[in-house]
Amino acid sequence: MTAPTTAPARPAAPAWVPACASHRLQPERGVAVLLPGGAQAALFRTHDGALYALDNTDPFTGAAVLSRGIVGDRAGEPTVASPMLKHRFALRTGASLDDPAVRLAAYPVREDGGRVYVGARPL
Amino acid sequence: MARLIVIGNGMAAHRLIDALTRADTAGVWHATAIGEEPRPAYDRVALSTYFDGATETDLALADLSGRAEIRTGERATAIDRAAKTVTTSAGAVLGYDALVLATGSAPFIPPVPGADLPGCHPYRTIDDLDAITASARTAATGAVIGGGLLGLEAANALRLLGLDTHVVELAPHLMPAQIDQGAAALLARMVADLGVTAHTGTATTAILPGPGGRAAALDLDGTSLPAQVVVFSAGIRPRDDLARAAGLDLGPRGGAAVDDACRTSDPAVYAIGECASHNGTVHGLLAPANAMADTVADRLLGGTAAFTGADSSTKLKLLGVDVASFGDAHGRTEGALDVVVNDAASRRYAKLVVSDDASTLLGGVLVGDATAYAALRPLVGRALPGDPLALISPAGADTAGPSALPDDAQICSCNAVTKGDLRAAIDGGAADVPALKAATCAGTSCGSCVPMLKTLLADAGVEQSTALCEHFTRSRAELMEIARATGITTFSELIARHGTGRGCDVCKPAVASILASLGNGHILAGEQAALQDTNDHFLANLQRNGTYSVVPRIPGGEITPDRLITIGEVARDFGLYTKITGGQRIDLLGARVEQLPAIWARLVDAGFESGHAYGKALRTVKSCVGTTWCRYGVQDSVTMAIDLELRYRGLRAPHKIKAAVSGCARECAEARSKDVGVIATDKGWNLYVGGNGGFTPRHARLLASDLDDTGLVRCIDRFLMFYIRTADRLQRTAAWLETLDGGLDRVRAVVVDDALGIAADLEADMAAHVAGYRDEWRGVLEDPDKLARFASFSNAPQAPDPTISFTTVRDQPVPAAPVHLGMPAAPART
């Protein structure tokens, strides 16, 4: 699996935003992370322990609520369903599973020393 | 266009116009129906459901006004066959190229003294039923003259109207036309249990007036029987006065005589339904009327269809008792043999009539349990598939099924649909029962063949999936049973053992609801939290801009001034928008996630608790002011509403549950638009179930009458728990009742009569719920771990979401115009 945690460091290393203590990020329950400049990421840990972060704003409604969606899978592909109108997004890529033209920005994530970090800029 | 005039606008006329206009793709005919009733055609066969809560709208048949001219409230007064015109009561003279008489029949009123007294009614139209209802308001006793099929339906109506009800039948037993003495004996016993007394072999000699000149009693050849409402159901007479006046040939017992084409002695004039006499017989059932209508529709388009008599099989539920009669029920065939199971203890009577060599099924009668009817009726005239006794023994119903039938066997006798027709429809893509109904009309009248339709679909390999979603092949009800039986209390264990993958936004909230219904602590405890939809997850209702609304419980809608002030102060202090809800409480909108605990703390301190507006759970029990204040009230509706709301608060269910209690029949609490509606009577409470507003409004239907307080609560306990155990995901009580085999009658059998023997179990489950109830808001406030979830951002828990902003409208904050104008459609889901 190409988890974002293994993303190679870039020449200009991304600023990593501390999101929360590891134990606060429970499996299949997202949290919202406030990024510098006012952007928001929705951070998730799936059942198998993998970490994902996507733009927190539901592109279909404009509400910043994706972190409050239900995490699950569609045919094995990990997903989150927006709580607003239940549009589903692939956690790995941010792609909408309802509209191929829509894709959410995905953010790098790493876990280190009992804390989880989200990249300040999308991948 | 050629002009077709149909005199009469009942079910036969409706069927004819429907069939003709569907088939007349070239637009040959312009059809006009003339009906004297003030409303379009309705389902007269289901007329009695009017007393069970069905409304005029429920009874309405498909609207044909776009396909034909429907003249309501107008009668045809004369036919001029030479000029080919019909004159109407409105003075219109309408020319025709073809004329169809569909005038139906009139109830036979026995020529006894007093038959015209106030309080005496026929039983045929919606207006008749309204008149009976009006008479019953000032009556305590009622009698039906005639103990046939319709008479027993009328008796049930009087019973539901609260009258002490009697049935008087001239023949030696009830339903003499359809069933035999043995079956009638059981039927009479079962009917007596419901408080309806049958007097058979008894003639009514007069109807005696009481004070004020209205009916007061029947004179039964010297014995007096109190009856302030009298309903005549002593047979029908074809309405053939127009035919007679027009000089058409009549049948020996009245009715316009018709040939196999349903044509009268005038080739331009047809007659169908109960006003037609075919081979000397006037048919009084729907199936022959439909067959005649189809014949005429075909003939009008140049076809050669013929009516050759019709099956008079019937299956009904009379006063809650299943009764079926089919084929040669009385064994009149030469040498016919009876095979009878008469089990008075378990209240089942079944008789098969077979040929003298016991090889061919000729007919039968079933009382008490008519499930075998659907399988047996198509076998009439065919070789028996096995030992006749086995077919009617309790376990034998499955041995006869549609699988073994040939293609020409009729599955739906009401609409003359054969197995071959159904198989063709399935091959043509009909993949479920509704599609089969639409394609063939099978199962759209009495519905008794619906189980056969399901079997045929299964035989054809069409899967009737009840799978919850891609992760569970089981239905919600099955998962509920699994969780109950195995004691599984986590989603992870349930999906590991009974599903695949990691779930989704369909199965997770459904399983969360099941676990909550079974009482597994706070809904945000442990792993359960990740299953909840966002509303349950934050114990508040998500709004379009990502904020939440907060609804404290106000039981029964009763609130003190101090508490009202508290709500006002909380709203003011947190800058919330306030609105009164339809459920008699107050909604506080615009709260951000991180504000919720502080808002709840203020409310909980003032004695409020969660109103569960966010949950698939009991919402409110609305009430009127009842006897406490109202001049008309007959019971204390507010106290009852509060008691019920406090009893069922927090009860998680497949969908939301709304309830109301009205203190009198004026029904100011609108209880019949609720899942559970309680309406006061002088004697106690009537309980209605299965109502809702929303996209498909439904009136609740009567489940039980005149219950005392304890009986009412017991009945609601059982009803709600049975619903929770067996309904599908997101299925309101109305939809559940519609899909449940046996519908409301089945629910009544289980809930009121404890037919499954689970009533004590259902009550125990509810008792456990009541004992285990805890306020969910308080549960969060008292638990730092849960409280930590109410943060806007994990790295800035109290920072307001910068995308949320408000503007002011009518002095209140509302969401500022969203970035995306308009809400897109939600994705389609199966």
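See the structure above.
As the structure is a computational prediction, the values presented were derived from the model and not from experiment.

*Asks:* Sorry if this is basic, but what is going on with the interface of chain A and chain B here?
*Replies:* Where the parts come together, the accessible area they lose is often given as the size of the interface. Contact residues are listed per partner, giving 38 residues for chain A and 45 residues for chain B. Carbon and sulfur atoms supply 51% of the area buried between chain A and chain B, which totals about 3400 Å² over both sides. It is Arg29(A), Arg68(A) and Ile70(A) that lose the most area in chain A upon contact with chain B, and together they represent 23% of the buried surface on that side. The interface formed by chain A and chain B contains four salt bridges. Among the salt bridges present, the one from Lys508(B) reaches Glu28(A), with a minimum N-O distance of 2.7 Å. Here chain A is connected to chain B by 19 residue pairs in polar contact (both at pLDDT 80 or more). Sorting the residues of the side of chain A that touches chain B by element identifies β1 (16–21), β2 (31–34) and β5 (70–74) of chain A as the ones contributing at least two each. Residue contributions to the side of chain A that touches chain B peak at five residues, all from β5(A). Its residues assigned to classes, the side of chain A that touches chain B comprises 21 nonpolar, eight polar and nine charged.

*Asks:* Would you take a moment to explain the packing of aromatic side chains for this structure?
*Replies:* To describe a pair of aromatic rings, one takes the distance between the centres and the angle between the planes. Under the defined criterion, the tally for this structure stands at 11 aromatic pairs over all chains. Each ring, one from Phe472(B) and one from Phe491(B), has its centre 6.1 Å from the other, and the planes form 75 degrees; the classification is edge-to-face. Pair noted here: Phe472(B) is in the loop between α12 (450–459) and α13 (476–486) and Phe491(B) is in helix α14 (residues 491–498), with a separation of 19 residues, a long-range link. On the basis of relative accessibility, which here comes to 0%, the residue Phe491(B) falls in the buried class. Ring centres of Trp600(B) and Phe790(B) lie 5.2 Å apart, and the angle between their planes is 75 degrees; this geometry places the pair in the edge-to-face category. Of the two residues, Trp600(B) sits in helix α18 (residues 596–605) while Phe790(B) sits in the loop between α26 (784–787) and β37 (806–809), which places them 190 residues apart along the sequence. Across the ring face of Phe538(B), the terminal group of Arg68(A) is positioned such that the distance to the ring centre comes to 5.8 Å.

*Asks:* Got a minute to help me understand the sheet that holds strand β4 (residues 76–80) of chain B in this structure?
*Replies:* Two orientations exist for strands paired in a sheet by backbone hydrogen bonds: parallel and antiparallel. All names here are of chain B. The sheet built from three strands is open, its strands ordered β4-β5-β6 with antiparallel pairing. With one partner strand each, in any of the chains shown, β4 and β6 (93–95) form the two edges of the open sheet. Each strand of the sheet is rotated relative to its neighbour by a mean of 25 degrees, with strand direction disregarded. Bridge count between strand β5 (residues 85–88) and β6: three bridges; the pairing is antiparallel. Its bridge partner lying in β6, Thr 85 is registered against Gly 95.

*Asks:* Please explain the pairing of strand β1 (residues 2–7) of chain B as it appears in this structure.
*Replies:* Note on strand geometry: in a regular strand, side chains alternate between the two faces of the sheet. Residues and elements named next belong to chain B. Inspection of the sheet shows β1 paired to strand β2 (residues 29–34) by six bridges, in the parallel sense. When the bridges of β2 are listed, Ala 2 appears paired with Trp 29. Handedness of the β1-helix α1 (residues 11–23)-β2 crossover: right-handed. Sheet topology note: the β1/strand β7 (residues 98–101) ladder contains four bridges and is parallel. The partner of Leu 4 across the bridge, within β7, is Ala 98.

*Asks:* Would you mind showing me how to read helix α21 (residues 709–726) of chain B here?
*Replies:* In an α-helix, one turn spans 3.6 residues, which is why side chains three or four residues apart end up on the same side. A rise of 1.5 Å per residue sets the reference length of α21(B), with its 18 residues, at 26 Å; its end C-alpha atoms lie 26 Å apart and thus fit the reference within 8%. The buried fraction of α21(B) is high, at 13 of 18 residues.

*Asks:* Even after reading the chapter, I still don't get the environment of Val341(B), so can you show me in this structure?
*Replies:* Residue and element names in this part refer to chain B. The topology assignment puts Val 341 in strand β23 (residues 337–343). For Val 341, a relative accessible area of 17% gives the class buried. The contacts of Val 341, once residues within four sequence positions are left out, are Arg 348, Tyr 349, Ala 350, Leu 389 and Ile 392.

*Asks:* Help me understand the state of the cysteines, please; the structure alone is not making it clear to me.
*Replies:* Among covalent bonds in proteins, the disulfide is the one between the sulfur atoms of two cysteines. All names here are of chain B. Using the criterion set out here, one finds zero disulfides over all chains in the structure. With no disulfide of its own, Cys 262 has Cys 275 as its nearest cysteine by sulfur position, at a separation of 10 Å. With no disulfide of its own, Cys 624 lies 5.9 Å from the sulfur of Cys 668, the closest cysteine sulfur. A relative accessible area of 18% places Cys 624 in the buried class.

*Asks:* So what exactly am I meant to see when it comes to unusual backbone geometry here?
*Replies:* Trans is the common state for peptide bonds, and a negative phi is the common state for residues other than glycine. Non-glycine residue Arg347(B) carries a positive phi angle of around 60 degrees. Classification of Arg347(B) as partly exposed rests on a relative accessible area of 27%.

*Asks:* I'm lost on the environment of Asp533(B) in this one. Help?
*Replies:* Secondary-structure assignment places Asp533(B) in the loop between α15 (507–517) and α16 (534–537). Distance in space between the C-alpha atoms of Asp533(B) and Gly302(B) is 60 Å, their sequence separation being 231 residues. Setting aside its immediate chain neighbours within four residues, Asp533(B) contacts Ile70(A), Lys86(A) and Pro509(B). Reaching out from Asp533(B), the side chain makes a polar contact with the side chain of Lys86(A) at a distance of 3.1 Å.

*Asks:* Just checking my understanding: could you explain the environment of Ala530(B) for this structure?
*Replies:* Within the element layout of this structure, Ala530(B) appears in the loop between α15 and α16. Remark: the alpha-carbon pair of Ala530(B) and Ser805(B), spanning 275 residues in sequence, is separated by 28 Å. Those residues in contact with Ala530(B) that sit more than four places away from it in its chain are Pro27(A), Glu28(A), Arg29(A) and Lys508(B).

*Asks:* Whenever I open this one, the packing of α21(B) against helix α23 (residues 743–751) of chain B confuses me. Can you help?
*Replies:* For any two helices packed against each other, the geometry comes down to the angle between their axes and how far apart the axes lie. Residues and elements named next belong to chain B. Direction vectors running N to C along α21 and α23 enclose 120 degrees, while the axes themselves pass 10 Å from each other. It follows from the interaxial angle that α21 and α23 lie oblique. Considering how the two elements wind past one another, α21 and α23 form a crossing that is right-handed. Every residue of α23 that contacts α21 at Cys 715, Arg 718, Phe 719 and Phe 722 is listed here: Val 747, Val 750 and Val 751. In terms of residue class, the contact of α21 with α23 is made up of six nonpolar, no polar and one charged.

Basis of the calculations
Residues numbered from 1 in each chain as written. Chains lettered and ligands numbered in written order. Predicted model: local features only at pLDDT ≥ 70, side-chain atom pairs only at ≥ 80, totals over all residues. Heavy atoms only, no water. Contact = heavy atoms within 4.5 Å. Buried area = accessible area lost by both parts, 1.4 Å probe. Salt bridge = Lys/Arg side-chain N within 4 Å of Asp/Glu carboxyl O. Polar contact = N/O pair within 3.5 Å; in protein donor to acceptor, adjacent residues only side chain to side chain. Helix = DSSP H or I, 4+ residues; strand = E, 2+ residues; numbered from the N terminus. Nonpolar A, V, L, I, M, F, W, Y, C, P; charged D, E, K, R; others polar. Phe/Tyr/Trp six-rings, centres within 6.5 Å; stacked < 30°, edge-to-face > 60°. Buried < 20%, exposed > 50% of the residue type's maximum accessible area, 1.4 Å probe, protein only. Lys NZ or Arg CZ within 6 Å of the ring centre and 35° of its normal. Pairing = 2+ DSSP bridges. Axes fitted to C-alpha atoms, helices over the stretch in contact; angles between N-to-C directions. Right-handed = clockwise from strand over helix to strand, strands pointing away. Expected span 1.5 Å × (residues − 1). Disulfide = S-S within 2.5 Å. Parallel < 35°, antiparallel > 145°, perpendicular 65-115°, else oblique. Left-handed = near helix turned anticlockwise from the far one by under 90°.

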